[in-house]
Each structure stands twice: as structure tokens, then as C-alpha cells.
Amino acid sequence: MGFPDRIERTVQVAHPPQKVWAALTTAEGLSAWFGNEATIDLRPGGAARMRWNEEGFTAEMRVERVEEPTVFGFTWGIYGLPADDPRRTYVEFTLEPAGAGTRLTVVETGFAQLPEDLHRKAYDGNTEGWAKELGELVAYLDAG
Amino acid sequence: MPDDIEAIAEQVFAALADPTRRAILAALASRGPATATDLAVDLPITRQAIAKHLALLAQAGLLTAVPGERRRVRYRLRSAPMQVAQQFLAALARDWDSALGALTDHLDRALKDHPAGLPAGPPNSTPRTGEHHS
């Protein structure tokens, strides 16, 4: 219900799509507004990396969609999870001409994803024996 | 037991809302698996109170009981529900509003610095001219 799987924002930018595209997809552009340092191999499957110096944080991205100058998509890890955690969110920028400027939409999805095993193994598995253990705990404490 | 991620996240946040339970989780995170008695030594509360909180944390799936010798049950953290809650927090922390604000600022600055390279249009330094058209 309240769990945000998807974040969507739209902004109206007073600059043509080509210029917005450059800001989104070049190391120079990304490091100017998003992170502090950036590298990007702009092709599907290409690697990109962004570093925030103040936070001491680096994001490893994988470029997924490159349709100049309308769609740019990448996946990246979920902040707070281990670097090798397979769960990632997908970020997609869509650029539409709007007058002399651009209507820019960013959609990030996948926050609520959960691999099967987390539910199955982690939950159901441990729950069974639990009622038993709890009873033992109470018995132990009562005895002590 | 929680059967969807919303319920899991709710359990985690409810568990973390109590300072004693936070202290218990923090103790288990820093020292590793421990019994109720071990925790009572470290924390300024009775073993009975700790046992109550341990039961609740276990119910929420945040702890696993590991049976040991002489019916001594040791508890260890279960990180899976924390990771679910973390995903919830990550969604809140993805600050796209700031990022997009920075992007428009960047584009506006770039336009001012390199006006020659852009197609003709009303320069943003004279915004007043636009107001009369509507």
C-alpha cells in the first residue's frame, strides 16, 4: 500500500532536448549536476560510475536504454544494501519537446522488488520452529 | 507473520520505535549472538523485560533463536526484514527533487555561460518579455 515501488517526477526545462540529453548522458554533464565525478560508457550494457565526494559514496550504474535524444535508462544499486546485492532499481529519463524547452520525466522503479527466496526461505522457514523456541525460552526463564 | 513487504517494513519500524528494542538490536549487531542473560548484563533493564522484547522481535522476524546447551537460547539478528525496510527508506532517500533542481540550475548556468552555442530564443536574462504574450 504505502510502499513506494515507483518514484516519478516531471520537470519543465527551458532548454531543448539535445541540451538536456547532453547533461544526462555525458560525464561532463552528470558531474556538473548529479554527482561530483562521473564516467559513462554510453551504450546499452555500458558501465557508468558516479561519485559524490562529500558523502564519500560511489554509484555503479549499468546503462540500459540509449535512444538519443528521448530515452535514457540505467540501473543502479539500492543505497544501504551491500554492493554485491543483486537488487537494483531502474531509472528512466524521458525527454519530450515542449515549446522551446523540454518536458523531462524521471521514473525510478523497483524499490519493492523482492526475490522469491527472501519470502519463502527467510520467513516461512524460520517461523515454524519459532513457537517452539519461544516456549523453551519462557520455560528457561521461569526456571531461572 | 507478515506475508508481504509492506507488513514486513511495518514490523521493522514498529520494532525500531522502542528505545529498548533498538538497544537490544544494536547490542546484537555489535557483539553477535547472545542470550537474554548476556543482554541483561549489558543493558540497564531486567532479564524479564529483555525476554519480552526478544519475543516481540522474534515475532517480527528480526531475530532467530539458536538453541544451545542447557536450554540456553541465543539470539542472532536476521537481516532480511531490515533489508526490506532499507528498500523502503531508499525510496524515500532518492532525492530526485534536489537532483532535478540541480539539473535545471546547471542548464540555466550553461546557457548563460555559452549563449552563442544555442538556438535563437528568448534569453532567460530577460524573462519579462514573455509575460505579455499570455
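The rules behind the values
- Residues numbered from 1 in each chain as written.
- Chains lettered and ligands numbered in written order.
- Predicted model: local features only at pLDDT ≥ 70, side-chain atom pairs only at ≥ 80, totals over all residues.
- Helix = DSSP H or I, 4+ residues; strand = E, 2+ residues; numbered from the N terminus.
- Contact = placed C-beta atoms within 7 Å.
- Pairing = 2+ DSSP bridges.
- Axes fitted to C-alpha atoms, helices over the stretch in contact; angles between N-to-C directions.
- Core = buried A, V, L, I, M, F, W, Y, C linked by C-beta atoms within 7 Å.
- Buried ≥ 20, exposed ≤ 12 C-beta atoms within 10 Å, placed from the backbone.
- Expected span 1.5 Å × (residues − 1).
- pLDDT = per-residue confidence, 0-100.
- Parallel < 35°, antiparallel > 145°, perpendicular 65-115°, else oblique.

## Notes on the overall build of chain A
Helix and strand counts for chain A stand at three helices and seven strands. For chain A, long-range pairs separated by at least 24 residues make up 32% of all intrachain contacts whose partners lie at least 6 apart in sequence.

## Quick word on the sheet that holds strand β6 (residues 88–98) of chain A
Paired through their backbone hydrogen bonds, the strands of a sheet run either parallel or antiparallel. Residues and elements named next belong to chain A. Strand order in this open sheet of seven strands is β1-β7-β6-β5-β4-β3-β2, and the pairing throughout is antiparallel. Each edge of the open sheet carries a strand with a single partner, namely β1 (6–13) and β2 (37–40). Neighbour to neighbour, the strand axes of the sheet diverge by 20° on average, direction disregarded. Sheet topology note: the strand β5 (residues 71–77)/β6 ladder contains seven bridges and is antiparallel. Of the residues in β6, the one forming a bridge with G77 is R88. Helix α1 (residues 17–25) contacts β1, β2, β5, β6 and β7 (101–109) of the sheet and is inclined by roughly 160° relative to β6.

## Thoughts on the nonpolar core
All names here are of chain B. Counting residues in hydrophobic clusters, the biggest one holds 29 residues, and the most contacted among them are A9, V12, I24, L54, L57, L62 and L63. When residues of this core are traced back to their parent elements, those giving at least two are α1 (5–16), α2 (19–31), α3 (36–42), α4 (47–59), β2 (63–67), β3 (73–77) and α5 (79–93). For this core, the element with the highest residue contribution is α5, accounting for six residues. Not counting residues up to four positions away in its chain, the partners in contact with L57 are A15, R21, I24, L62 and L63.

## Details of α5(B)
Its 15 residues place the ends of α5(B) 20 Å apart at the C-alpha level, agreeing with the 21 Å of an ideal helix rising 1.5 Å per residue. Buried within α5(B) we find B:P81, B:M82, B:Q83, B:V84, B:A85, B:Q86, B:Q87, B:F88, B:A90 and B:A91. On the buried face of α5(B), the contacting elements are β1 of chain A together with α1 of chain B.

## What to know about the confidence of the model for chain B
All names here are of chain B. Mean pLDDT over chain B: 81, with 81% of residues reaching 70 or higher. Residue range residues 116–134 is modelled with pLDDT below 50. Its contacts to residues more than four positions away, or to other chains, number nine contacts. Across the assembled chains, the prediction reports ipTM 0.72 with pTM 0.69.

## Regarding the pairing of β6(A)
All names here are of chain A. Relative to β7, β6 runs antiparallel, the two being bridged by nine bridges. Residue pairing across strands places E96 opposite R103, the latter belonging to β7. In sequence, β6 turns back onto β7 through a hairpin of two residues, with G99 there showing a positive phi of about 60°.

## Some points on the packing of α1(B) against α5(B)
Residues and elements named next belong to chain B. Running from amino to carboxyl end, α1 crosses α5 at an angle of 100°, the nearest separation of the two axes being 8 Å. In terms of orientation, α1 lies roughly perpendicular with respect to α5. Along the contact surface, α1 presents I5, I8, A9, Q11, V12 and F13, while α5 presents P81, M82, V84, A85 and F88.

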